Each structure stands twice: as C-alpha cells, then as structure tokens.
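Descriptive analysis of the structure
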Amino acid sequence: MKYDVTVIGSGPGGYVAAIRCAQLGLRTAIIERYPVLGGTCLNVGCIPSKALLDSSEHYHNAHSTFKTHGIDIKDLKVNLPQMISRKNDVVLDNNKGVEFLMKKNKIDVFHGHGSFVNKNRISVAGTGGSNEEIETERVIIATGSKPIVPASFNYDKKRVITSTEALNIEKVPGSMIVIGGGVIGLELGSVYARLGTEVTVVEYLDRIIATMDADCSRELMKSMKNLGVKFHLRHAVTEVTPTKSKVKVVAKSRDDESKTLSWDVDYCLVAIGRRPYTDKLGLENIGITPDEKGRIPVDSHLQTSVPGIYAIGDVIQGAMLAHKAEEEGVFVAEVMSGQKPHINYNLIPGVVYTWPEVASVGYTEEQLKEMGIPYKPGKFPFRALGRARASMDLDGMVKVLAHKETDEILGVHIVGARAADMIAEAVALMEFRASAEDAARMSHAHPTYTEAFKEASLAATANRPLHL
Ligand code: FAD
Ligand code: NAI
C-alpha cells in the first residue's frame with residue numbers, strides 16, 4: 001500500500017500532523033522508534049516534568065505555607081518513588097490517549113527507526129532486527145531533539161545527568177549543580193529544591209531565562225533565591241567529573257578567569273540546550289544537508305529543499321516548544337491539502353513552569369529598544385491583588401508593553417501565580433491587534449489574578465492603574 005503521507009516521529013509535532021492529515025482525507029502512516037508514542041514532550045519532557053512540578057509544589061506548600069493557612073500536618077515526608085510512580089502513570093495515560101487518537105483517525109503506526117531509502121521509500125528498522133519499507137507520496141520529518149552534552153562533561157547518566165534521568169531519581173539528592181539557567185534547569189531545579197535538595201545554578205550569561213524579558217529574569221531569580229536556590233551568573237562550567245559517589249564540578253568566572261568555583265555534589269544536571277535529532281535518518285540519501293546547528297532547512301511552507309518532504313518542530317529553526325511543533329504539524333497538513341494556513345511566530349507564548357510561573361508573548365522591552373519601536377510600559381505587582389493576598393502568592397508582576405502612538409499591545413510578560421494560563425488572554429488580544437485600552441476596558445472577574453493584566457494595561461495605556 002502506498003501512503004499519501006508518512007510522518008517520521010510521534011512527538012507533538014508528528015502526531016498532530018498525522019491527525020490533521022487524516023482529517024483532511026490523506027492516507028497517513030506514522031513511524032516512531034520507541035515502543036510508545038508522544039515523543040520527548042509526552043515521555044521525557046513537558047508532561048512528566050509538569051507532573052513532578054505539581055507534586056513537589058504540593059509538598060513545598062504543605063511544608064512552608066499550610067501552617068499559616070491553619071493546617072497542621074504531623075510527620076510530613078516525601079515519598080519520591082511514589083511521586084515518580086504517579087508521574088509514570090500520568091505519562092502512560094497520555095501514551096494511551098495518543099494511541100487511541102491514531103486508531104480513531106485510522107493512522108497506521110509503525111514502530112522502529114525510520115530512514116530514507118529515497119524520497120518515496122522509508123525503511124523502518126524494528127528493535128528485534130525486523131525491517132520493512134513504506135512507500136509514500138510525501139513525508140513530514142518530525143524527529144525532534146536530544147539534550148546537548150559536551151563529551152568533556154562525562155555524561156554517565158548516574159551522577160552526570162540530563163533532564164531525562166532527572167525525571168527518575170529515586171532518592172531526594174542532598175545536593176545538585178544545575179548547569180544552565182534556562183527553562184529545563186529552572187523547572188527541574190525547582191522540583192528538587194522544593195523537595196529539600198541544595199540546588200546551585202551555574203549560568204554562563206548575566207541573567208537566567210535570558211531569552212525572556214529582563215524583568216522576568218529578575219523577578220524569577222528573586223523568588224527562586226527565596227526557595228533556597230543559589231545562583232552563579234557569568235560562570236562557565238569547565239569540568240564535570242563523576243567520582244565514586246559524587247560528582248566534581250568546576251566553573252570559571254567570565255570576568256576573571258583566575259577565579260574558579262568548585263563543588264562536590266550528588267548530581268550534576270546538564271541543561272544547556274537541545275540539538276535537533278536527525279541521527280541515521282538517511283538525509284544524505286535524499287540530498288538534504290542540515291545547517292550548522294543541525295537543523296533541517298525549510299522554506300516558508302516548511303518544505304525542505306526536496307519537494308514533498310516537509311519538516312516541523314524541534315528539528316527545524318525556531319523555539320523548541322511543543323505548541324510550536326503542533327502548530328507546524330497542522331500548518332504542513334493544510335499546505336499539503338492546498339489550503340493557505342498561517343502561523344504568527346511572534347505570538348507563540350513561552351512559559352516557565354516554576355512557581356511563580358513565567359509567561360511571555362510578543363516583544364520584550366529589550367527587543368523593542370533594539371528595534372527602535374516607541375513603547376509605553378505598564379506594570380502591576382501581584383502583591384497589590386486581593387486574590388494574590390488570599391492565596392499567599394504575592395511574588396511577581398504583569399508587564400504590558402504598548403505602542404506609544406497606536407496603543408497596540410506589543411508584548412506581555414508575566415511572573416506570577418497561574419501566569420501560564422493567564423497568557424492566553426494576551427495571545428488572543430494580540431492576535432486581534434487589540435490596544436492596551438481595549439484590554440483595560442474589558443471586565444475581569446474579581447478576585448482573580450487576571451486583574452493584574454487589566455491593571456497593567458491601564459498603566460500602559462494611560463498610566464492610571466486603579467489599585468496602585
Ligand atoms: P519530539 O517530541 O522530540 O518527538 C520526536 C519523536 O521522533 C521522538 O519520539 C523520537 O523517538 C522520534 N524519532 C526521532 N528520530 C526517528 C526516526 N529516525 N525514526 C522514528 N522515530 C524517530 N515544551 C513546551 O512547549 N512546554 C513544556 O512544558 C515543555 N517542557 C519540557 C520539559 C523537558 C524536560 C524537555 C526536555 C522539553 C520540554 N519541552 C516543553 C519541549 C518539548 O518537549 C519539545 O519542544 C517538543 O517535544 C518537540 O516536539 P517534536 O514533535 O518536534 O519532537
Ligand atoms: P535553554 O537554551 O533554555 O537554556 C540553556 C542555558 O544554559 C542558557 O541560558 C545558556 O546560556 C546556558 N549555558 C550553556 N552552556 C553553559 C555552560 N557551559 N555553563 C553555564 N551555562 C551554560 O536550554 P534548556 O533549558 O536545556 O532547554 C532546552 C529547550 O527545551 C528549550 O529551548 C526550551 O524551549 C525547551 N523546554 C521548554 C520548556 C517549557 O516550555 N516550559 C520546559 C523545558 C524545556
């Protein structure tokens with residue numbers, strides 16, 4: 001049988017692309033090298049990390065705020081194996097969900113490593129040595145990404161770990177160095193800091209979450225310091241050496257190379273970014289050469305240099321985010337079917353699931369300055385919200401950046417409780433090119449955290465917040 005489309009990789013990019021292809025009447029196959037579907041996001045990324053973030057946050061609250069709420073607990077302790085086991089159940093449920101969706105949409109699933117024989121033939125090598133070939137009209141490459149670990153960091157998966165292993169530690173570590181103050185380092189660093197681990201983050205740049213607005217970096221670092229996390233900015237880790245039961249980590253100051261810091265810790269979590277994954281994909285057989293960062297080059301239709309071969313998600317340029325991969329999956333299926341879809345990459349939100357959460361959409365203040373776009377900032381702190389006082393979630397702020405002349409909202413940056421959910425309002429308004437005054441005049445239920453967005457919009461549009 002010849003398929004209209006074959007998708008390689010079943011992460012959020014691949015499986016969503018397959019569903020949309022099937023919805024559009026295309027005979028669709030999907031190939032996944034692992035026995036389970038869902039990719040990085042579902043198995044070792046978004047979902048398991050959020051499961052552990054939720055569990056550890058419950059523990060942290062029980063430990064640090066329940067007493068003030070009037071709840072006394074005796075003998076509170078962490079049962080990490082149970083926490084991990086619940087996380088595994090959450091993942092399993094989601095695996096089943098994706099399997100169901102494949103069946104429901106009559107998508108044929110092939111398990112094994114896919115590689116191009118030529119542009120219309122994909123070989124699937126199963127783990128048991130089996131091999132079959134799929135004939136296909138078109139292909140969507142959605143093979144995702146893997147953690148970057150320099151060989152000099154002696155990645156042994158025991159003491160020197162990446163996010164994948166950090167999701168399965170069975171005993172709360174005494175100490176952990178996190179290399180990289182990016183999203184993974186701060187999310188998984190938070191999990192262990194909440195459980196009692198002494199967490200130290202070493203970051204090369206002069207701020208954490210450096211691609212987000214600088215106010216977000218500042219606010220989050222303040223909150224994480226209150227959680228007990230230590231930070232060393234402007235330091236580069238130069239040595240990671242596992243010993244019998246510890247790991248030695250050495251970092252050099254970027255300001256004075258003669259100054260070094262060194263630690264002997266239980267774990268070193270390497271979280272310095274991810275690389276596109278195209279290993280043994282046979283790209284050379286169809287004449288595709290990845291760029292200098294290993295990404296598959298695509299045009300504005302996400303088509304590679306080979307007609308009929310598309311690529312989406314972490315394996316191409318852009319933010320490595322599940323929802324970006326999903327949008328691209330839908331986009332490619334619709335392009336193939338002759339539709340004219342559009343993705344507004346500027347309005348793909350970014351979220352960090354620490355507590356407080358960080359969420360951002362549109363331009364940062366630094367970008368607006370650099371581009372010379374005149375803007376008006378409006379800020380509102382969570383601590384001035386009745387809702388935040390009620391829940392004791394006082395950290396954070398909302399910042400709205402509006403165009404100085406037109407008042408159009410150009411960027412929204414939130415640090416605070418439920419920021420991840422709050423950002424959807426900003427995305428919707430910005431998709432419709434709303435002004436800060438539009439947002440300020442909309443009724444926001446009281447008491448909610450979303451009132452901070454209304455107030456920050458009032459501050460941006462006319463410098464007249466009501467509760468500040
Ligand atoms: P992947 O999800 O990486 O899927 C690719 C799939 O392709 C994999 O299953 C792989 O096995 C398969 N594959 C690769 N090569 C082949 C081959 N040759 N043959 C067959 N199969 C193959 N993003 C968010 O938006 N929100 C989050 O909260 C979030 N949290 C994260 C937490 C962690 C710890 C990590 C590591 C990542 C997180 N991400 C998050 C990022 C998110 O996981 C990725 O952006 C997303 O998974 C990318 O989707 P994808 O479909 O491009 O690739
Ligand atoms: P990242 O790119 O977010 O952060 C890596 C950090 O490590 C950077 O700040 C960098 O300056 C620093 N760094 C690099 N080399 C270093 C060195 N030798 N010493 C000290 N610091 C060093 O990468 P991360 O956190 O690994 O995440 C990878 C991807 O996964 C991200 O692109 C992100 O989009 C995605 N992700 C998304 C999540 C979300 O949406 N909530 C959660 C987790 C991951």
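Description of the structure in this document. (Residues numbered from 1 in each chain as written. Chains lettered and ligands numbered in written order. Predicted model: local features only at pLDDT ≥ 70, side-chain atom pairs only at ≥ 80, totals over all residues. Heavy atoms only, no water.)

A word on the side chain of Ser391. Tracing the chain through its elements places Ser391 in helix H11 (residues 386-391). Excluding anything up to four places from it in sequence, Ser391 contacts His69 and Tyr449. (Helix = DSSP H or I, 4+ residues; strand = E, 2+ residues; numbered from the N terminus. Contact = heavy atoms within 4.5 Å.)

This brings us to the packing of helix H3 (residues 46-64) against helix H7 (residues 183-195). Direction vectors running N to C along H3 and H7 enclose 30°, while the axes themselves pass 9 Å from each other. Our classification of the angle between H3 and H7 gives roughly parallel. The two elements H3 and H7 meet at a crossing, and its hand is left-handed. Along its contact with H3, which presents Ser49, Lys50, Leu52, Leu53, Ser56, Glu57, Tyr59 and His60, the element H7 presents Glu187, Leu188, Ser190, Val191, Arg194 and Leu195. Split into classes, the residues belonging to the contact of H3 with H7 amount to 6 nonpolar, 4 polar and 4 charged. (Axes fitted to C-alpha atoms, helices over the stretch in contact; angles between N-to-C directions. Parallel < 35°, antiparallel > 145°, perpendicular 65-115°, else oblique. Left-handed = near helix turned anticlockwise from the far one by under 90°. Nonpolar A, V, L, I, M, F, W, Y, C, P; charged D, E, K, R; others polar.)

Strand order in the open sheet formed by 5 strands is S8-S15-S9-S10-S11, with parallel pairing between adjacent strands. The open sheet has two edge strands with one neighbour each: strand S8 (160-161) and strand S11 (230-232). Relative to S11, strand S10 (residues 198-202) is paired through 3 bridges, and the arrangement is parallel. Across the sheet, the residue bridging to Val201 is Phe231, located in S11. In the packing of H7 onto the sheet, the strands contacted are strand S9 (175-179), S10, S11 and strand S15 (267-270), and the crossing angle to S10 comes to about 165°. (Pairing = 2+ DSSP bridges.)

With that settled, the discussion passes to a nonpolar patch on the surface. Taken together, Ile71, Ile73 and Leu76 make up a surface patch of nonpolar side chains, about 220 Å² in accessible area. Looking at where Ile73 falls in the secondary structure, it is placed in the loop between helix H4 (66-69) and helix H5 (80-104). (Patch = residues over 30% accessible without salt bridge, like charges linked within 9 Å, V, L, I, M, F, W, Y side chains within 5 Å. Areas by Shrake-Rupley, 256 points an atom, 1.4 Å probe, with all protein chains shown as cover. Salt bridge = Lys/Arg side-chain N within 4 Å of Asp/Glu carboxyl O.)

Looking now at the sheet that holds strand S20 (residues 375-381). Paired through backbone hydrogen bonds, the strands of a sheet run either parallel or antiparallel to each other. Across the sheet, which stays open at both edges, the 5 strands sit in the order S18-S19-S22-S21-S20 with antiparallel pairing between neighbours. Taken across any chain shown, the strands that pair with only one partner, and hence form the sheet edges, are strand S18 (350-352) and S20. Recorded for the sheet is a direction-independent mean angle of 10° between the axes of neighbouring strands. Here S20 pairs with strand S21 (residues 397-403) via 7 bridges, running antiparallel. The partner of Tyr375 across the bridge, within S21, is His403. With respect to the sheet, helix H8 (residues 214-226) is in contact with strand S19 (357-362), S20, S21 and strand S22 (409-416), its orientation differing from that of S22 by roughly 5°. Lying over the sheet, helix H12 (residues 419-431) contacts S18, S19, S21 and S22, oriented at roughly 10° with respect to S19.

Another point: the site of ligand 1. Of all residues adjacent to ligand 1, which total 39 residues, the nearest are Glu32, Thr40, Lys50, Gly114 and Ala322. In this structure, a nitrogen atom belonging to ligand 1 sits 3.2 Å away from a side-chain N or O atom of His113. With respect to ligand 1, the backbone of Leu321 contributes an N or O atom lying 3.2 Å from an oxygen atom. In the complex, 94% of the free accessible area of ligand 1, which totals 990 Å², lies under the protein chains. Among the secondary structure elements, those contributing two or more residues to the shell around ligand 1 are helix H1 (12-23), strand S2 (28-32), helix H2 (39-44), H3, strand S4 (113-118) and helix H9 (322-336). Looking at the shell around ligand 1 element by element, the count peaks at 4 residues for H2. For the shell around ligand 1, the class distribution of residues is 16 nonpolar, 18 polar and 5 charged. (Near = heavy atom within 4 Å. Polar contact = N/O pair within 3.5 Å; in protein donor to acceptor, adjacent residues only side chain to side chain.)

Next up on the list: the state of the cysteines. Chemically, a disulfide is nothing more than a covalent bond linking the sulfur atoms of two cysteines. Applying the stated criterion to the full structure yields 1 disulfide. With a sulfur-sulfur separation of 2.4 Å, Cys41 is cross-linked through a disulfide to Cys46. Here the disulfide of Cys41 and Cys46 is left-handed, its torsion about the S-S bond being about -130°. Unpaired in this structure, Cys21 has its nearest cysteine sulfur neighbour in Cys41, at a distance of 19 Å. (Disulfide = S-S within 2.5 Å.)

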